[in-house]
Amino acid sequence: VARQTLTTKAETKCDDLFGEGLVRSYRDSKKVWCGGGSTTIECYEHVYAHNGRIGHFCRASNLLVDFSKVGGRHSTTTKPQRGPNMYHSFAPGALQAQCARTKHWSLQKAMPHAKLMLPKLEEVQSFSNDVERVQTPTYLLARDEDSENMFHSTADHLNAFLVSEVLQSDRDKWQTVLFDRMPDGPFHSLIEKTFSPKNKLKRAADYQGRKVLFEELIIHLESPAGIVFPKVAGPKGIMTCTQSSLWLGFRAAVLRGFGLLDVPPPTVPHAVLSVRRRTGGKNTGRVFADEAALTKILKEGNAMTSEVVDLGSLPFDRQIALMRRTNILIGAHGAGLMHVLFLAEEAVLLEIHPSYRLDRHFRLAARMAGKIYLPLRSTQPVTCKGTSDAVPVDAGEFRRALDAAVRL
């Protein structure tokens, strides 16, 4: 006799927000946007309850991209000025398809960067003889404007994982293209190892203006439809979900890509104090007003080991390897705390945040990753230098919070 799994209404709701329920919602929404010929464009959507916005992506078969009509070369050094220069432009005929638009074709539903490209689709009777054919499933990843920020980039990465689950597509076979004009950025290795492990990441420029007929082309589910944002979990102050099959699946996929999935946790609790230091070329973000005092307290611990690290100074493969042998991650409120995803199996995130910040972002991330969240709010005023603020931390409160984190 098959056993029936008992679930509460709250568990079902959380599954719809962060798990298989969300996958099913997208999968069941499939509509043919262009069909009747050798090309088919199928699109998927989901309306998010917290803001009523539509998440949307498409998969096409036998779709031609004329890269001579894809404008703008990516930067190899500095990030382009925020705005249109961060993304490609498209001339009419940049996309060519042997199909006819159906009644479901609706650019209002398309996400911001797809909305730049899809209107340029040209319906054709046949493809020219000089096309290059690509059999490898290809994923066009137009990244968030803050692609160098680990919080916002995780929205993109989680969405790419969600798309693969909806389509039941093998990511190991993908060719991922960074389809924007931003530099490769700090998460190049994560994207390649997770979403293009057998094919080096490409840029539009790598196609050298050729006409390329893709047997399977996936247009990204963009970051505004991300499930990293606290509001997805409910109104301000309300957070009832404690796990996510999508977050955990994404975590496992990344760790597998780096060969770090089956790493035993430390036998003695290991704490990492993540710091940020001002330099002449970097004077943004939060720093600790008295890093030396916090370091001294860490060194006094006799039932633990510890180290102080500026994660931003390390390549990502070293960052994630360090996180896998870390039980306690300590840091000021900031994007780097998304590393909670990759901590050892039993781990605590100790977030220190100034009084003007809410503790929702990384509380959600810790819960979804199956980790313990421990907030420490600094009630003292920050001091600012440029766009960087120094967060003061009471030594006694830090010592007690650290003691609790070790005991947990």
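Residues numbered from 1 in each chain as written. Predicted model: local features only at pLDDT ≥ 70, side-chain atom pairs only at ≥ 80, totals over all residues. Heavy atoms only, no water.

Colleague: Before we go on, may I ask you to explain the overall build of the protein chain in this structure?
Modeller: In terms of helices and strands, the protein chain carries 10 helices and 23 strands. Taking 408 residues into account, the globule formula puts the C-alpha radius of gyration at 22 Å, and the protein chain, at 23 Å, falls close to it. Considering only C-alpha atoms, the protein chain reaches an extent of 75 × 65 × 35 Å along its principal axes. Within the protein chain, buried positions represent 51% of all 408 residues. Counted over contacts in the protein chain with a minimum sequence separation of 6, partners at least 24 positions apart contribute 72%. Only carbon and sulfur atoms are counted for the fraction: they give 49% of the accessible area of the protein chain, which is about 18800 Å². (Helix = DSSP H or I, 4+ residues; strand = E, 2+ residues; numbered from the N terminus. Rg over C-alpha atoms; globule rule 2.2 N^0.38 Å. Buried < 20%, exposed > 50% of the residue type's maximum accessible area, 1.4 Å probe, protein only. Contact = heavy atoms within 4.5 Å. Areas by Shrake-Rupley, 256 points an atom, 1.4 Å probe, with all protein chains shown as cover.)

Colleague: What is the right way to look at unusual backbone geometry in this model?
Modeller: Most peptide bonds are trans, and most residues other than glycine sit at a negative phi. Its identity is not glycine, yet Asn62 carries a phi of approximately 55°, on the positive side. Here Asn62 shows up in the loop between β3 (54–61) and β4 (63–66). Residue Asn62 is classed as partly exposed on the basis of its relative accessible area, which comes to 25%. In the Ramachandran plot, Gln208 falls in the positive-phi region, its phi being about 50° despite a non-glycine side chain. The class of Gln208 is exposed, set by a relative accessible area of 64%.

Colleague: How do you make sense of the state of the cysteines when you look at a structure like this?
Modeller: By definition, a disulfide links the sulfur atoms of two cysteines through a covalent bond. Tallied over the entire structure, the rule returns three disulfides. With its sulfur 2.0 Å from that of its partner, Cys43 forms a disulfide with Cys58. Disulfide Cys43-Cys58: torsion about the S-S bond near 100°, hence right-handed. Of this pair, Cys43 sits in strand β2 (residues 40–47) while Cys58 sits in strand β3, and the two are 15 residues apart along the sequence. Note on accessibility: Cys43 and Cys58 belong to one class, buried. When the cysteines of the protein chain that form disulfides are numbered from the N-terminus onward, they connect as 1-6, 2-5, 3-4. (Disulfide = S-S within 2.5 Å.)

Colleague: Explain the pairing of strand β20 (residues 348–354) to me, please; I cannot follow it from the model alone.
Modeller: Two faces, one strand: in a regular strand the side chains alternate between the faces of the sheet. In terms of residue burial, β20 counts as a mostly covered element, since seven of its seven residues are buried. Residues Val348, Leu350, Ile352 and Pro354 of β20 are buried on one face, and the alternating residues Leu349, Glu351 and His353, pointing to the opposite face, are buried as well. Bridging between β20 and strand β21 (residues 372–378) involves seven bridges; their strand directions are parallel. Within the sheet, the bridge partner assigned to Val348 lies in β21 and is Ile372. Handedness of the crossover is the feature at issue here: the chain leaves β20, passes through helix α9 (residues 361–368), returns alongside β21, and the resulting connection is right-handed. (Pairing = 2+ DSSP bridges. Right-handed = clockwise from strand over helix to strand, strands pointing away.)

Colleague: What's the story with the environment of Arg181 in this structure? I'm lost.
Modeller: Note that Arg181 resides in the loop between β12 (175–178) and α5 (188–195). When the C-alpha atoms of Arg181 and Met86 are compared, they prove to be 5.0 Å apart, with 95 residues separating the residues in sequence. Those residues in contact with Arg181 that lie beyond four places of it in its chain are Gly71, Gly72, Arg73, His74, Ser75, Pro80, Asn85, Met86, Tyr87, His88 and Arg203. Of the polar contacts made by the side chain of Arg181, one reaches the backbone oxygen of Asn85; its length is 3.4 Å. (Polar contact = N/O pair within 3.5 Å; in protein donor to acceptor, adjacent residues only side chain to side chain.)

Colleague: Help me understand helix α4 (residues 150–167), please; the structure alone is not making it clear to me.
Modeller: If you check α4, its first and last C-alpha atoms are 25 Å apart, about what 18 residues at 1.5 Å a residue would give, namely 26 Å. Here α4 lies mainly inside the structure; 16 of its 18 residues are buried. The N-capping residue of α4, defined by a side-chain oxygen 2.8 Å from the backbone nitrogen of Phe151, is Asn149. Gln168 sits one or two residues past α4 and shows a positive phi near 50°. (Expected span 1.5 Å × (residues − 1).)

Colleague: What should I look at first to understand the side chain of Arg143 in this one?
Modeller: Among the structural elements, Arg143 can be located in the loop between β11 (138–141) and α4. Given a relative accessible area of 4%, Arg143 falls into the buried group. For Arg143, the contacting residues outside a window of four places in its chain are Tyr87, His113, Asp156, Leu178, Asp180, Met182, Pro183, Asp184, Ile191 and Arg203.

Colleague: Honestly, the nonpolar core in this entry has me stumped. Any pointers?
Modeller: Proteins that are soluble and globular tend to have nonpolar side chains buried together. One finds Phe18, Tyr26, Trp247 and Phe342 to be the most contacted residues of the largest nonpolar core, which totals 71 residues. Contributions of two or more residues to this core are made by α1 (9–18), α2 (20–28), β11, α4, α5, α6 (245–257), α8 (316–324) and α9. Here this core takes 10 residues from α4, the largest share from any one element. Judged by nonpolar contacts, the second largest core, of 31 residues, contains Cys34, Val65, Met117 and Val134. (Core = buried A, V, L, I, M, F, W, Y, C linked by side-chain atoms within 4.5 Å.)

Colleague: It is not clear to me how the sheet that holds strand β7 (residues 95–97) should be interpreted in this structure. Could you clarify?
Modeller: Read from one edge to the other, the open sheet built from five strands follows the order β9-β7-β4-β14-β10, with strand pairing classed as mixed. A single partner strand is all that each edge strand has here, and the edge strands are β9 (121–123) and β10 (132–134). Adjacent strand axes in the sheet meet at a mean angle of 25°, parallel and antiparallel pairs treated alike. Across two bridges, the pairing between β4 and β7 is antiparallel. Bridge assignment links Leu64 to a residue of β7, and that residue is Gln96. (Axes fitted to C-alpha atoms, helices over the stretch in contact; angles between N-to-C directions.)

Colleague: How should I be thinking about the pattern of salt bridges in this particular structure?
Modeller: Opposite charge on two side chains permits pairing when their charged atoms draw close. Per the counting criterion, the structure on display carries 21 salt bridges. The salt bridge partner of Glu216 is Arg59, with a shortest N-O separation of 3.3 Å. Taken together, the positions of Glu216 in the loop between β14 (211–214) and β15 (217–219) and Arg59 in strand β3 put the pair 157 residues apart, joining distant regions of the chain. We note a salt bridge from Glu307 to Arg325, for which the minimum N-O separation is 3.3 Å. With Glu307 in strand β18 (residues 305–309) and Arg325 in the loop between α8 and β19 (328–332), this pair connects stretches of sequence that are 18 residues apart. The exposure class of Arg325 is partly exposed, given its relative accessible area of 43%. A cluster of three or more residues bridged by salt bridges with shared partners is formed by Lys79, Arg82, Glu145, Asp146 and Glu148. (Salt bridge = Lys/Arg side-chain N within 4 Å of Asp/Glu carboxyl O.)

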